[in-house]
Amino acid sequence: MWRDAALVAGKDLRIELRSRVVLHQVIPFGVLVLLLFALALGPDRRPMVQAAPGLFWVAVLFATVLAVQRSVAVESGDGVRDGLRVSGLDPAGVFLGKAAAIGAQLLALEVLLTGGVLVLYGAQVRSYGALLTSAVFATAGLAAAGTIYGTLSAGMRVRETLLPFLLLPVTAPVLLAGTRAWQVALGAGGSAGDPWVRLLVVFAAVYLALGVAMAGALQEAA
Amino acid sequence: MTGVPGVDAPVVPGVDAPVVHDVDAPMARGVDAPVAHDVAMPGAPRPWGPVATWTVRAMGVAAVVCTALTVWLGLWVTPPDAVQHDLVRLVYLHPPIAWVALYLAFGTAGLASVLWLWPRTRSALWDRLAAAAVEVGTVFTALTLVTGSIWGRPTWGVWWAWDARLTSTALLLVLQLGYLALRRVPGDPDTRARRCAVAALVTAADVPIVHFSVVWWRTLHQQATVLNANLSPTIHGSMAWTLLLGFVAVTLAFGWMLAVRYRIEALSAAAEEAELGAALAERRAEGLAVGSGAAPAGGPDTALLHGALATAGQPQATDAEALCPDAGHPVAVESDAGQPAAVRLGSAAAERAQ
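Nothing here was measured: the structure is a model prediction, and the numbers come from that model.

Draft legend 1. Quick peek at the overall build of chain A. If you tally the helices and strands in chain A, you get ten helices and zero strands. Moving toward the C terminus, one meets the helices and strands of chain A in the order α-α-α-α-α-α-α-α-α-α. In summary, chain A has a C-alpha radius of gyration of 17 Å against a globular reference of 17 Å for 222 residues, a match within 12%. Here the C-alpha coordinates of chain A stretch approximately 55 × 30 × 30 Å along the principal axes.

Draft legend 2. The overall build of chain B, seen in detail. Helix and strand content of chain B: ten helices and zero strands. Mapped from its N terminus to its C terminus, chain B presents α and β elements in the order α-α-α-α-α-α-α-α-α-α. Here chain B holds 354 residues, and 38% of them are scored as buried. In chain B, the share of contacts with a sequence separation of at least 24, taken over all contacts with a separation of at least 6, comes to 74%.

Draft legend 3. Just the environment of Arg194(B), in detail. Structurally, the position occupied by Arg194(B) is in helix 5 (residues 189-204). Excluding residues that lie within four positions of it along the chain, Arg194(B) makes contacts with Ala217(A), Glu220(A) and Ala221(A).

Draft legend 4. Here's a closer look at unusual backbone geometry. In this model, Arg20(A) sits at a positive phi of 55°, which is unusual for a non-glycine residue. Tracing the chain through its elements places Arg20(A) in the loop between helix 1 (2-19) and helix 2 (21-41).

Draft legend 5. Fine view of the interface of chain B and chain A. The interface of chain B with chain A comprises 22 residues on the first partner and 24 residues on the second. Sorting elements by how many residues they give to the side of chain B that touches chain A places helix 5 of chain B first, with seven residues. Grouping the constituent residues of the side of chain B that touches chain A by class yields 15 nonpolar, four polar and three charged.

Draft legend 6. Layout of helix 3 (residues 45-73) of chain A. Here helix 3 of chain A is 29 residues long and its end C-alpha atoms lie 39 Å apart, about the 42 Å a rise of 1.5 Å per residue gives. The largest bend in helix 3 of chain A comes to about 60°, at Ala52(A), with the proline Pro53(A) one to four residues further on.

Draft legend 7. A look at the nonpolar core. Membership of the largest hydrophobic core comes to 136 residues, with the highest contact counts inside it found for Leu200(A), Ala130(B) and Ala133(B). No other element matches helix 7 (residues 237-292) of chain B, which puts 19 residues into this core. When sequence neighbours within four positions are dropped, the list of residues in contact with Ala130(B) reads Ala109(B), Ala112(B), Ser113(B), Trp116(B), Cys196(B), Ala197(B) and Ala200(B).

Draft legend 8. Broad picture of the environment of Pro80(B). Residues and elements named next belong to chain B. Within the secondary structure, Pro80 sits in the loop between helix 1 (50-77) and helix 2 (94-117). Separated by 129 residues in sequence, Pro80 and Ile209 place their C-alpha atoms 38 Å apart. Not counting the four nearest positions on each side in its chain, Pro80 is found in contact with His85, Asp86 and Val88.

Draft legend 9. Focus on the packing of helix 7 (residues 159-170) of chain A against helix 4 (residues 164-184) of chain B. Running from N to C, helix 7 of chain A and helix 4 of chain B cross one another at 150°; their axes reach a closest spacing of 9 Å. The angle between helix 7 of chain A and helix 4 of chain B falls in the class roughly antiparallel. Considering how the two elements wind past one another, helix 7 of chain A and helix 4 of chain B form a crossing that is left-handed. Contacts between helix 7 of chain A and helix 4 of chain B involve Leu162(A), Phe165(A), Leu166(A) and Pro169(A) from the former and Leu171(B), Val174(B), Leu175(B), Gly178(B), Ala181(B) and Leu182(B) from the latter. A breakdown of the residues in the contact of helix 7 of chain A with helix 4 of chain B according to their chemical character gives nine nonpolar, one polar and no charged.

Draft legend 10. How the structure looks around the environment of Gly178(B). Within the secondary structure, Gly178(B) sits in helix 4. Residues Gly178(B) and Thr108(B), 70 residues apart in the sequence, show an inter-C-alpha distance of 17 Å. Those residues in contact with Gly178(B) that lie beyond four places of it in its chain are Phe165(A), Leu166(A) and Pro169(A).

Draft legend 11. Structural detail: helix 4 of chain B. With 21 residues, helix 4 of chain B extends 31 Å from end C-alpha to end C-alpha; this agrees with the ideal 30 Å at 1.5 Å per step. Among the residues of helix 4 of chain B, Arg165(B), Leu166(B), Thr167(B), Ser168(B), Thr169(B), Leu171(B), Leu172(B), Leu175(B), Gln176(B), Gly178(B), Tyr179(B) and Leu182(B) are the ones counted as buried. Considering only its buried residues, helix 4 of chain B is in contact with helix 7 and helix 8 (172-185) of chain A together with helix 3 (124-156), helix 5 and helix 6 (206-217) of chain B.

Draft legend 12. Focus on the confidence of the model for chain B. All names here are of chain B. Scored by pLDDT, chain B has a mean of 71; 62% of the residues are at 70 or more. Contacts from residues 227-233, a stretch scored under 50 in pLDDT, to residues over four places away or in other chains number four contacts. A low-confidence stretch, residues 294-354 stays under pLDDT 50, and its non-local contacts, those more than four residues away or across chains, total 101 contacts. Quick note on the complex model: pTM equals 0.74, ipTM equals 0.88.

Draft legend 13. Region of interest: the packing of helix 3 of chain A against helix 7 of chain A. Residues and elements named next belong to chain A. The geometry of helix 3 relative to helix 7 is characterised by a closest axis approach of 10 Å and an angle of 135° between their N-to-C directions. On the basis of their axis angle, the class for helix 3 and helix 7 is oblique. Considering how the two elements wind past one another, helix 3 and helix 7 form a crossing that is right-handed. In this structure, helix 3 contributes Leu61, Val65, Val68, Gln69 and Val72 to the contact, and helix 7 contributes Arg159, Glu160, Leu163, Pro164, Leu167 and Leu168. Among the residues making up the contact of helix 3 with helix 7, the classes are represented as eight nonpolar, one polar and two charged.

Calculation rules
- Residues numbered from 1 in each chain as written.
- Chains lettered and ligands numbered in written order.
- Predicted model: local features only at pLDDT ≥ 70, side-chain atom pairs only at ≥ 80, totals over all residues.
- Helix = DSSP H or I, 4+ residues; strand = E, 2+ residues; numbered from the N terminus.
- Rg over C-alpha atoms; globule rule 2.2 N^0.38 Å.
- Buried ≥ 20, exposed ≤ 12 C-beta atoms within 10 Å, placed from the backbone.
- Contact = placed C-beta atoms within 7 Å.
- Nonpolar A, V, L, I, M, F, W, Y, C, P; charged D, E, K, R; others polar.
- Expected span 1.5 Å × (residues − 1).
- Bend = angle between axes of the 7 residues up to and from the residue.
- Core = buried A, V, L, I, M, F, W, Y, C linked by C-beta atoms within 7 Å.
- Axes fitted to C-alpha atoms, helices over the stretch in contact; angles between N-to-C directions.
- Parallel < 35°, antiparallel > 145°, perpendicular 65-115°, else oblique.
- Left-handed = near helix turned anticlockwise from the far one by under 90°.
- pLDDT = per-residue confidence, 0-100.

Structure representation (structure tokens):
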């Protein structure tokens, strides 16, 4: 399973390295969302600093939808999904591989967006450790849930419109917990961030486990 | 076989006589004949028996009676509350609806999805039940939000508060709408069933997480009144009974709606199959007619039809429309005047051919 996961993740990341769709489209889109939020909240810095953690995670959620759609589109070509299915790769491995590739791309995006939040919104980091831990677990959860719903919607013609509608409400806990954890880490209010990090861990664990357990059913359902 | 050599007419169970070009065979049904529960369909699994029909009707009547009683008790018999006055009467409606929406409907849908995914219990029944439960449950979730909002305006002073239960119920509604959207995506029934069952389970796993995250996020909703820690009702006697009756009424209404929705689901699946069967039989008949030319088994009228079809080139599209009205009555081949459709078609096709 792990070897298959590494193979699939390597394949997806190699495709990304050669096509640069995430780099040239998804990441700039995330930055654009940050800019739009700044326009909506006005030139005053205070509300932006207050809202920075939440806006960051909303931007990440939107970008997750795009990254997942890209990850599915890579395999939407002639018989690629069937090829993957008959290749003998463990479905759980395929799931983990695709989730890992999405997660890696999201982490890169988050690094960039963090810079954006710090520069554009004037937020200041109080605890890098808390920032990093919560980001890693939130990303794992987003990548897992995104891969599940992406696989589910892979064979549909209405995938582009259906995926955000299915995925975004499910990831609401990540938005809540990520925002609260980042509020603490960025010093924008709130006290204990630990329960929120635990919630992120639970979300990631549940969706990774579901994805691995139901990988076969998911592949057949697409 | 309906008497035409070489055509195995009843292709699909549910279509008992797709007699397209056999004028001697009795036309089984008129245009109005419903493909319904009280019509015997040999060889087809009947989606609905008479006992079930009566049970569901009884349930519907019971739901209406209980609701009427609840309205009477709730509006006239029970006393107003000391604090909330007449507003408290919403308690006979809002919690029962919420109970149905959040537990009964969701539980039914989740259980049915698991039973579909489990290979030993896999049956189209569970898929339809899950679909019906989510659809009816969505209505009840929306009603929960509406009644809660109506209650919240005078007591809290706002239509909507970002309170834990409201927020998680709203998220639940969106999740249910997502499931319904997924169900509308076209696909063959088996794929759709699998897709929806998987989606239901994956989404159901999210519900407790959403619940806890939102509870931590914020809480100002009043605690449950009837089912508190030691299970002793803390409200007045007649009010408690009315509330109990409210629960029974809304649960019965849910059961009735669920059964009716299930039946619609089952019947539309049967109708789809029947249409497919009729279309297949028609194509085969055409192929046979064009292939063999004259001398079919059905007598002079059929000969006319076959000859016309052979000479007219491709009149299939219009003939198919005439033969197969899309309302799910694949055997409705009798014309208005009581004249066998094949004859009418034959002359129509002959006219076109000239």
